[in-house]
Structure formats: structure tokens, C-alpha cells
Amino acid sequence: MSSALVKGSSAQATDTKPKAAIAAVPTFNNALSKGVSFGRVAVLLGLLAAQFNELVAQPALTLQTAVPVVAVVQVAYVVLCLPAAGSQQAKAAKKPRPGEKKKPEAAGTSSLVTALLALVLTTISTPVIHALFILFGAPLLDHVLETFLCAAHFALLGVFPIIYARGVDNQSLVAVAGVSAPLDETLGGLLGAVLGAWLGAVPIPLDWDRDWQTWPVTIVCGLYAGSCVGSWLSGTVFYGKRIGGTAPPAKEE
Amino acid sequence: MPPRSSKAADGLDFKAISKQFAKAKAAREAREAQEAEAVAKGLPTEKEQTAILEAQRDKLNKKRQRAYERRWWWTTGFWTFLLAVHAVGLWLFSSGFLLTRLVLEDKSSCAAPPVEGLAASQAALDVQKGCWHPKQFDRAVVILIDALRYDFTIPEDPAAAHAFHNSLPFLYDTAVKTPQNAFLRPFIADPPTTTLQRLKGLTTGTLPTFIDAGSNFAGTAIDEDNLLMQLRDSGKKIAHLGDDTWWSLFPGHFEPNISKPYDSFNVWDLHTVDNGVIDNIFPLLESSKDGQWDLLIGHCLGVDHAGHRYGPDHSAMTAKLLQMNEFIAKVAGSIDDDTLLIVMGDHGMDGKGDHGGESDDEVEAALWMYSKRPFFGRTSSEFAIPPATAKIRPVNQIDLVPTLALLLGIPIPYNNLGKPIEEAFAGQKGNNWANLAAVSRLASAGIERYRQSYFKARGIHQTTEPGSPAALWELANAAGLKDKDAYDAFTKFEDEALQVYKGLWARFDVPRMVAGVFVTAVGLVMLVMYASKPADEEFVVANDAELDYAERRLELMNLNQEDKEEHPDQGYHRRLLGGLADARVLFVVGVLVAVGVYREQPLDGLAALVVTLLITGVISSLSTAGKTLANILPKTFWGWLSVILTLSHSIGFASNSYTIWEDSILLFFIATFGVAVLISSFRIESKIDRTMAIYHTITFIVIGRLASYSKLCREEQMPYCTSTYYSSVTSSTSAPWQLVIPFAVFIILPDVIKAFLLPSKSYESLAPTWIGYAFRGSLFLSALYWTIDSANNGGWLAERFSESTLKSTGVYLAQTILALSLIVGSTSFAWAPPNISILSTQAKTGQLVTILGYGNAMGARYLYLPLNLLAACILLTKPMGSGALALMMWQILCLVEIIDLNQLKSEAIGPVMLAVLGNFYFFKTGHQAVLSSIQWDSAFIPLFSIRYPWSPLAVGLNTFAGQIIAAASVPLVVLWKVGPKQRGVLEKSARALAVFIAYFAVEALATMSWAGWLRRHLMLYRVFCPRFMLAALLLLAMDLVGVLVSLVGVRTNTMAVCEVFGWVE
């Protein structure tokens, strides 16, 4: 999320006119994509469950080992399930809306290349998320590696699908940052990750002296659970719905 | 999404407004000229008409001002009622919960026994022979086994035995086998059963309460008369091994070379303290060490820690008790004939191994006394075997005090309420009634002496009816009683006196606590209803000068009709309070009070009932006014966020962890709000507004995190916290490098404030002088003060100036700053014109008049008020805290900008975030929710000695600086970027203030409920009780600041602005 925020704030595009509505990102309507979409949630949560004891014992090492695995899972997921930014499918979704400006199609943009580009941008967004963790009170000088890896997982789960699907289109990213875009698997995953990580901080201060209270185990668990649940719910039940109540527009005159 | 262009035009584009205004003015002038021409032929001249209009306008303004003043008084009346409600609720709860005891300064002395005319054989008045009673032992060894419950020491049928049974048989066995050498009895603690409170009881002989109102409120050291003080004053030497709690209670009492304190808080460590005691005690018991000590205290913590860690029924407890058994046997073998050995527990433990409360298991400890030479007796053969349960023949823990004092030949401490233990004075045959009567008479006389002075000091009326201590005292002193009868009579007196004091001090008064919680809860419902947003409210910020002008003309034309119209909110507060004047309410209250007074009912129940009735009256008025109970429910995301933040903060107080880590949690809340508002800012349509909102939000979050580096850790946060507030953990002075901070504040802060005023063109009129010179000047003087203070502390200028020169320079400097910021500042605030400036330019169409600062006329001027307070608080806060408070002001300004840009002025989130910020900066200015973090030395910043009421005020400003600045800034949320023609400012400010106060009221209600509910919790006196006291004090302080600063400030501000622009409503 944060990467999107920062991009939005420094963006130069002119968008003072009323925004054209941003469409939701659909998943491909085929059996493979449905299966992968569901399978990803199972694989991620299964991975977390399987590695939980390792995570508690050696958070940094476990998170580090998991980064490439999760990256592969996520790349496979976006390539097989989501339309890449600027691709035909993405356009198709937007087409019915009148007044939409047509962009020249980027020639030869295959999904995989988009995914790799998005992965690079996601990597760049990781320090921003790291900073956000620190702003919420994470230690600045201690546990730097743990915090950074936690931020990397956050970026992979929450930010990567959005960049893949939205590209660097300023208008969409501002809509995503303002949560005024309609709910879909990508935005749901991000919101879920934010909420999950937020709730994950709740048990940290308790004096229960449990091993799993070590930084950043609860955050990682929260963000995985939140992202998976959020992505799943937004892809199915709440697909296309807009969160109107979270911001002033609802009560503007 | 609807566009926000109108907002941009209103709020930011001031030139445009001014142009419109000028255009309107020019048009009017032209129109008036035409009219004048038209009517010049015979009708009233233009001048006359203008004069009439002016007169009418004046009349209207005066009328409106008077109406405003009446409205303001009614508002203040309502707030005073609110303050009274809070005060009654807190009073009820505190009087049931915080039982106070007055500490008497008197000390017993060897030469002045409480009984006159003692024979020389009885009282030698000489420490060598025994002061008031012949000395029996030269020395004493006291082994305190923490949490030694009575049933640990008596035999249990092996079939039914638990892990804690039958492992410490030595005490029981010796008492049975050699009754003249030893006895074992249950030893009942007076709750609270925490070690610190127990040690107070075991050494002073009095009942501990949470607050011992005495001279030494700030520290933990005991300054009332006690055994250790008497020993030291008699020239005896005390050695101590084990739990370091003793050292904070009795600093300077222990022989430095042979005593060894050990850390008491590491509950997981079962052995370090015990091994330390065991290893160090035996060398001291060798005869070669004679004369090095007269009282040797060994305080073992293993049993207590085993209980906390595993619970009593665990093999670790068995091992620990077996170790203690062996240890005591070895000590008993090592002492000589003239040494008394005492083994005791300071409290018991409950089924889980914890303690602190007043359950039977927690108060039932064991006492065992041992002497190598036959000494102890039993007055009856039934007493030969130690009691089978703690319910039989128990001894009060305070009874140890007179017993040990008389046996060692020192005076009984003045405040003692205990009585001598029978076995120690009954003689070996158990029939020395003369001795028993003598010691009992001594102890009783001491109690009677204390009773007289305590009741006199407290002004309590004493009854003399049969059965009262006074009557029993008369009976016991009657002439011609046999020794045994006299002994019985004195014992009866002692028991009764103790009961009286227990009633006075040592019990929670649950009905009162419940009444307090109830009244506070009902008061909170009323407050929240008052603070809720009325369904029809529209707080539209309309800064349209043309519209204002048109309206004003209309008003003038309809002046006569307007006379009959009232302001829509004119009667609002009056009607609210009017609910109280209802004949039925008055009748019921009158009857209740009359009956209560006539039947001499207790005051508390009556007060609770009456206040509840009055609140109900106001609640029903509120419902009539449209703010129903259902209206409380939040309707927007921001409403929910406010409720979630408020409630989760307060619910967290039920857990000691969340109470301990409150500062980190508040930072988390600040960041949470920041992210929420960042998302909201991305939805702002106008690009400029959006960029500004995002910029201010990010600044807001980053400043919060930056400020979090100023911290003072509380004991319980260790080792996960590093204090940065002082130069080191053991010091309360600032590090030299921290002096950079006040100078940085002096250079940067005025420019930051200027930067917030410039966009609305409000850095006009007095602002450059006020902020750029006066405010900056006082910041510089504060920095100078702290430099002098550091120089004084560090002796940097010792060769050049004497300490007193530096001190007096500092004090006069501080007084100057306070006079400048508070007295001159407030006076100027009352008289200052608005921050506007009128610019006339020649344009093609005629003269153009531009009013700079029109759109923020209300807010920019009000800002002076928090700044005045800030200047005073920065002086009274240590250098690190001045940086924190400067950041706070920056954050507040960001907050009001964010609130304005996101149009959240009528949401609850603004005041709620101010409350969060206020609490956050309480921690960032070197405070914690513990008594020990109060910076008492701040009383001496502007004064040489304690002077009332100035010293408490200085400490108050230092302690609650964050919350006070936040409270004074609440109207800023409503007033910022609001022009002079805004309607309903007073009501909106009062409502914002109500939300702010509600945050603190919820905190007070939650902390009092948890403290009452968890009154048996181990952490009650360390965590829950101090947090309740903080919340209670804060609620009252915020009520006062809200009325005396914020509401008065809003009134002064509105009067000054409307003086210039005319009254709009």
C-alpha cells in the first residue's frame, strides 16, 4: 500500500477533473485460474503453518528462506489469474465505460515480463513499508533484518498483485491508495494485509512470555491470514463493491 | 464523488474572496450613490440614512453580544454541572477505594514511656538494660521467608498431602518437642498482601493503606516511627541480606559492609536471592562477628517465586521448602543463648501462588520464635501444640512490633497498634501474669496515646459508649484489678482499638465503589449524548464575504422582526439545565435530602442518588432536544474510529501489560489515525488540497515517531525499554547535549507556526510581534534557564558564580518567563485584534480593499492561547520535554490542517486525536502512570521554597503539560480556517470539548472499574491503582482547563473578532 501512496503523492499527472471510475481487476474466468487462485491461499497458509515453529525459533532465517518461495507462488498466481497492466484483458474490463481514454498498446508485453517488472517495483516499495512499520513503533535500530523481511513479505502479498494489475497508472494508484477503487482480489489482499498486520501487533505487549510473541511473528501471521482472507472475500463476496464509508465522499454535499 | 472545488475557493483562495468582497463593496457604493441622488429631492439625505443604519447596526450588534454572553454563561453553567458530576463520581469511588491514613510524625523515645510512674525494676529508661521493660535478648535474627503460608509448616496426613505439605517440619517439631525454646502460631497479615505493604506493617506496627498521607508522599522510604528507626536511634546495628525492597523502605539503615541486597523482581529466578542469604548469613553468625550487628534480617524469596512461577502444588515448592527447613535448622544451631531467632512469612499465597489480596490463603502466614535458652511459656496446656489450622489462636502481624521492641529493650514505635505476643512474656511456666499485665499495659498505653493524637489530628469525634476503646481503656485502668484480669482487660481494649482502625483504614468499601462507578457511568452517558452529533447539524464553513454582506443588509431591513427572533441555540444549554429545575425533580431531591439528613443516613448513598436523579433530568432534556440515546451510535467511519480508539485504549487498562506499555500503544494509535487519514486524503479531488493533506499527514505521523524517542521507562518495562529523558538511569538531571534541544526549539518552532499561518494570510497584525518576538523570546529565555540550571548542576561556572547566584538568576528568569507567557500573554489575548490586515489598492474599477487573513480570522487568533500555555509549559519541562512539547504543537497544527482539508470538523475524531496526543505527550515529557515519575523538582523552577498554591500549580503544569495544551487546543479544531461570520462556533466548540472530555471520562470509568474489580490483583498497587489516580486527576483537570481556558478563550476570541466584523448571530 505504501508504495502506492508514495507514488501517488509524487505523481505529476493532472487529475483535477472528476475521475473516471476505476474498474475492478477481474480474475480469468477459467478453471485453471480459479484453481490457482484458491490453491495460492492454501499454499501460503499451509506454508505458514508448516514453517510456524521455524519462524518462532529463527524469524529472520525462516522469513529469508521463504521470500523466494512466496515470490514464485505470487508470480505464478498473478500470471495465471490476473490480467497484467495494459494487457487486452485489462482493457476489456474497462471498455464498457464511456469517455475512457485509449492508451496505445505496449507491444510484446507478456504477462511474465510485467510480473518481473512488478517484482522489481515491489522490491523498491519494500523500504517504504519498512518505514511504515517503524512509524507504527517497530524498533529502528534493532531487529532491522526481521522488520525488513516482514516488510518484504508484506510487499509480496499486498503490493505486488496491485502493481502487476494496475501498472504505474497514476490515476488507478491514487484510487487504490484512497481505497476508492472497487474491491477485487488485489485490493482485498492489500486491505487484508494492512488489517491483519495491524491486529497482529495487538498481542505483542502482553506479558505471557510466549515464544511466538517475538518480533515479527504475530505481524507475519496477521498479514498472511489477513491478506488471504481479504483477497478471497473481495474476489468473491464483495467483488466490485466500493468502500464508501471509509472516507469523506459519503458525507460531502 | 462530488467535486470539492467550492471548498478550495472558500478555504484557500483568499485573494479571490477579497476581490469578491471589494466588488460587492464597489457595487454597493454605486447603488448607494444612485439612491442618494434619487432621494436628494426632499427625502432624508444619504448621511442621515447612513447614520440611522449605523445606529441600527450598533443596536443589533449590542443585542447580539448580550445574547452571546447569556448563551456563554448557560454553557459554562452546564459545564460546571458536568464538573460536579465527575467530582461526585470520583469522590464516591475514591472514598471507598483509596483509604487514607494520616501519618503522625511523633516518635517514641526511651525517656518518655506512655505510662507514667513505672518502677525502676520495670523500666530502666536505658537502652542497655531495656527502655520500658527489662531487655531479654541482646540480638535477634529475623528470617523472613516470603509467602510462607501457615499450612506449609504444620504436618499433614501423607495420604492427603500436597507438594507443599510436610516439607518444612522443623518449626512444628521444635515447638512440640521443646515448647520452652520455641513456639509456632499463625501470623495474620493485613491486606494488601504485597511485600512492600507488609514490611511497613511488620516494622511500624500499623495498618498499611495505599496512600499514607504524610510528608513523604514522593518517595517510598518510611518516615514514620518504626522498629528499625528505633534500633538505629538506640545505637544498634542492623544487617540485611536478601530482598532489596528493604533498602528502598529504609535507606541508610543497614550496615554497608556486611549487608547484601538482591533484586526482588525476577520472579523466574528461584535461587539467586536464597543462595545469597544462605551463603552470607553463616559467617555473620560466628561469634567473632559479635558487635557487628544487633538485628540481622534475612529475606528469602524462593518460596514466593516458586509460588508465582509454578503455584504451590509443585515439586519445585517441595524442594524449596526442604531447602528452607535445612537452612533454619542450621541457623537455629548457630545462634548463641542471647540471640532471638524469628522465622516468619510476610503473607501467604492463593491457590495459584499469587498474592496481594485479602483471601484467607493470602493472609495466613506463619510465625515461629526460637531461643536457645528456655524462655517461652504457655498460659494454658491446650496451647502446647501449635494450632492445627490458621483459624485457631492467630497472631496479628503487627503484634511482632511491640513483642520484638520489648524483648530487645527498645521503645515501642509510636504508631504501633499491635499487642505483645503471650508466649514471649508469660514466663517459662506460663503463669507470669504480672509481667503480662505490665507489657500489655505498656502497649495499650501506647495505643491509647496514638489514638488520642490521631483523633485530634484528624478531628474525629470519639464515642465513649460502652464497648468503645475509650470505655474499655477506662475499665482496664480501674484500680484493684488482679494481674490476670488487667491483662484480659488490656487485651480487650487492644483488640477493640484495632477493630476501630481497621474500619477506618483497611477495607475496601465496595458499596461506595459501586456507587462511584455507577454515577460516573451515568454521567458518561449524559456527556456522550451531549457530545453526539445532532441529526440535523450542518457545520458548513461558509467564508463568503458577499453572502455575508447581503445577509447583513437583509437583517438591517428586518431589524424589527429580528427583534423577536432568537438564536436557534440561545436556549439550548438553559433548557438542558432547566431539566433540573423541574418541580418533580426538585421535590424528590428535596424529600430525599430532608429524609437523609433527618435520619442521619450516610452521605454517600444520598449523594449518589441525588446526582443520579439530576443527571437523569439532564438526560431527558437532551433527549427532548433531539440528542437521544440512539444518537450516540456512530454513523460514519470516523465516528467508529473515534469509538474504537477510545474504547480499545480504556479496555486495555484491564490488562497490566497494556497499562504498562501505554506509551507505545498511543504511538500505534497515532500512526493508525495517520494511515486512515492518509487514505482519506487520497480521495480529495483538488490536487493542491490532496497534496497538502498528504504532506501534513505524513508530517503528523513522522513527528509522532520522532517524539517517541523521548521516554522515561517504568520499572515494569525493563529490560525492553531504554530511558532517554535523563542523562542516565540513576539520574534525574539532563545530559549536557540535551541543552541543544531548547535552543533548537527557540530557532525552529516560531518559524513552523509562521508557516502554518502564512497560507491563510494570517501572519498579520500582531502575529509577527507575538510569535516572532515575544514567543520566540520566551523560548530563548527558557533555553537560557535550562543552561543556567545545567551549569549549576554540573558546576561548570563554579569558579565564577556561587551556586546561590546561579539559582536566584534562574528563579527570577523563570518568573519573568511565566509572567510574560501567562499574565502578559493572557491580557494580550483578551485585547489583541484579529490577525487580519486591510490592504487597499487602486484598480481600474476603483479602490480595491483586500482583507488578509479573513478566512482564518477565528482560528489564527485563537492560536495565541495554546501558544501562551506552551511557552509556560516548555519552561517547566526539562530540555528533552521542551522538544517533545514543540513537536506536539507542530502535530496539533498538522492535525487541524488535516481535519480542515478532509472536512472532518464536525466529526469526533479531531478532539479524540487531541486527547490521544495529550496522553502521548504526557509520556514523552518524562512521565509514567506511577507516583515515582512525578517531577517534584519542577516546583523549584520558579520558586526558592514550597509556596501554596504556586508549587502544586508548577508541578501540575509540568505533569499534565501535554493534556493541558491539548485541552486548550480543542477549539482550534473547530475554529481553524474559519472566518468571522461563522455561526454556531460556541456550540461546536463546546461539543468538541465534550468529545475530548468524554475520552478522559471513559478512561476514568474504565480504570476505576478495573481497579475495583481487580482489587485483589497482585499488580493493584503498582499498576491499576496509580493509573486510576492518574485518570481521575486528569478528568477533573481537563474539566477545569476546558471551562477556564478553552471556553473562556472561545468567548474572548469571538468577542474580539466580532468587535471588528460585527456579530453574525
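Residues numbered from 1 in each chain as written. Chains lettered and ligands numbered in written order. Predicted model: local features only at pLDDT ≥ 70, side-chain atom pairs only at ≥ 80, totals over all residues. Heavy atoms only, no water.

## Quick look at the overall build of chain A
We apply this condition: Every helix listed is a DSSP run of H or I at least four residues long, and every strand listed is a run of E at least two residues long, numbered separately from the N terminus. A simple rule labels every residue: compare its accessible area, found with a 1.4 Å probe on the protein chains alone, to the largest value its type can have, and call it buried under 20%, exposed over 50%, or partly exposed in between. In what follows, a contact means two residues having at least one pair of non-hydrogen atoms within 4.5 Å.
Counting its regular elements, chain A contains 10 helices and zero strands. Listing the helices and strands of chain A from first to last along the sequence gives α-α-α-α-α-α-α-α-α-α. Scored against the burial criterion, the 253 residues of chain A give a buried share of 50%. Across chain A, every contact between residues at least 6 apart in sequence was considered, and the portion connecting residues at least 24 apart equals 80%.

## Here's the deal with the overall build of chain B
In terms of helices and strands, chain B carries 37 helices and 12 strands. Here chain B holds 1065 residues, and the buried ones make up 59% of them. Considering only contacts within chain B whose residues lie at least 6 apart along the sequence, 79% involve residues at least 24 apart.

## Re a positive patch on the surface
Residues and elements named next belong to chain B. Here is the rule we go by: Patch membership requires over 30% relative accessible area and the absence of a salt bridge. Like charges are linked within 9 Å, and nonpolar side chains (Val, Leu, Ile, Met, Phe, Trp, Tyr) within 5 Å. Residue-level accessible areas treat just the shown protein chains as cover; the underlying method is Shrake-Rupley with a 1.4 Å probe. Salt bridge criterion: a side-chain nitrogen from Lys or Arg within 4 Å of a carboxyl oxygen from Asp or Glu. His is not counted, nor are the chain ends; Lys and Arg add positive charge and Asp and Glu add negative charge. Just so you know, the charge point we use is NZ for Lys, CZ for Arg, CG for Asp and CD for Glu.
Residues Lys62, Arg66, Arg70, Arg574 and Arg575 make up a contiguous surface patch of positive charge. For the positive patch, the leading source of residues is helix H3 (residues 46-97), giving three residues. Mapped onto the fold, arginine 66 is located in helix H3. Residue arginine 66 is classed as partly exposed on the basis of its relative accessible area of 47%.

## A few points about the state of the cysteines
All names here are of chain B. Quick note on the threshold: Two cysteine sulfur atoms form a disulfide, by the criterion used here, when they sit within 2.5 Å.
The full count for this structure, using the stated rule, is two disulfides over all chains. Disulfide partner of cysteine 110: cysteine 131, at an S-S distance of 1.9 Å. Taking the torsion about the sulfur-sulfur bond, which here is approximately -110 degrees, the covalent link between cysteine 110 and cysteine 131 counts as left-handed. Separated by 21 residues along the polypeptide, cysteine 110 in the loop between strand E1 (100-102) and strand E2 (139-145) and cysteine 131 in the loop between E1 and E2 bring together distant segments of the chain. Since its relative accessible area comes to 17%, cysteine 110 is described here as buried. Across the disulfide from cysteine 713 sits cysteine 721; the S-S distance is 1.9 Å. The disulfide joining cysteine 713 to cysteine 721 has a torsion of about -75 degrees about its S-S bond and is therefore left-handed. For the residue pair cysteine 713 and cysteine 721, the accessibility class agrees, reading buried in each case.

## Notes on the sheet that holds strand E6 (residues 260-262) of chain B
Residue and element names in this part refer to chain B. Note the cut-off: The pairing criterion is simple: DSSP has to find at least two bridges between the two strands.
A sheet is described by the order of its strands in space; here eight strands give the open sequence E6-E5-E7-E2-E8-E9-E3-E10, paired in mixed fashion. Two strands bound the open sheet, and with one partner strand each, they are E6 and strand E10 (395-396). The pairing of E2 with strand E8 (residues 339-344) spans six bridges and is parallel. In the sheet register, valine 142 faces E8, and the bridge partner there is isoleucine 342.

## A closer look at the pattern of salt bridges
Residue and element names in this part refer to chain B. This model, assessed by the stated rule, comprises 26 salt bridges over all chains. Across the pair aspartate 751 and arginine 776 runs a salt bridge, and its minimum N-O distance is 3.2 Å. Residue aspartate 751 is located in helix H27 (residues 740-757), and its partner arginine 776 is located in helix H28 (residues 767-794); the two are separated by 25 residues in the primary sequence. Here aspartate 751 falls in the partly exposed class, since its relative accessible area comes to 41%. Residues participating in the shared-partner salt-bridge network are Arg185, Arg393, Glu422 and Glu423.

## A few points about the UniProt feature "transmembrane region" (unreviewed entry) in chain A
All names here are of chain A. Our working definition: UniProt positions are given in the numbering used here, feature names are shortened, and annotations may be inferred rather than shown by experiment.
The positions that UniProt labels "transmembrane region" (unreviewed entry) are, in the present scheme, residues 65-85, 106-138, 144-165, 186-206 and 212-233. End-to-end, the C-alpha atoms of residues 144-165 are 30 Å apart, and along that stretch the chain is 100% helix and 0% strand. Annotated as residues 186-206, this span is 71% helix and 0% strand, and its ends, taken at the C-alpha atoms, are 33 Å apart.

## Examining the packing of aromatic side chains
Residues and elements named next belong to chain B. Heads up, the condition is: Stacked, edge-to-face and tilted labels apply to pairs of Phe, Tyr and Trp rings (six-membered ring for Trp) whose centres lie within 6.5 Å, assigned for plane angles under 30 degrees, over 60, and everything in between, in that order. Our definition puts a charge over a ring when NZ of Lys or CZ of Arg is within 6 Å of the ring centre and also within 35 degrees of the ring normal.
The final tally for this structure, using the stated rule, is 46 aromatic pairs over all chains. On the basis of an interplanar angle of 55 degrees and a centroid distance of 5.0 Å, the ring pair of phenylalanine 746 and phenylalanine 780 is categorised as tilted. With phenylalanine 746 in helix H27 and phenylalanine 780 in helix H28, this pair connects stretches of sequence that are 34 residues apart. Three or more aromatic residues joined by ring pairs form one cluster here, namely Tyr414, Tyr450, Tyr454, Phe455 and Tyr501. Sitting above the plane of the tryptophan 293 ring, arginine 139 keeps its charged end 4.1 Å from the centroid. Between arginine 451 and the ring centre of phenylalanine 455, over which it is positioned, the NZ or CZ distance is 6.0 Å.

## Notes on unusual backbone geometry
Residue tryptophan 215 of chain A is joined to proline 216 of chain A through a cis peptide bond whose omega torsion reads -5 degrees. Positionally, proline 216 of chain A belongs in the loop between helix H9 (185-200) and helix H10 (217-235). Not every positive phi belongs to a glycine, and alanine 147 of chain B is a case in point at roughly 65 degrees. Phi at arginine 393 of chain B takes a positive value of approximately 45 degrees, unusual for a residue other than glycine.

## Structural notes on the nonpolar core
Residue and element names in this part refer to chain B. Here is the rule we go by: Only buried Ala, Val, Leu, Ile, Met, Phe, Trp, Tyr and Cys residues count toward a nonpolar core, and they belong to the same one when joined by side-chain atoms within 4.5 Å.
Formed by 253 residues in total, the largest nonpolar core has its most connected members in Trp79, Phe97, Phe700, Phe996 and Phe1028. A total of 23 residues in this core trace back to one element, the largest contributor, which is helix H37 (residues 1020-1061). Setting aside residues no more than four positions away along its own chain, tryptophan 79 makes contact with Tyr530, Ala990, Leu993, Ala994, Ile997, Asp1039, Val1043 and Leu1047. Of all hydrophobic cores here, the second largest spans 74 residues; its members include Leu202, Phe254, Trp473 and Phe493.

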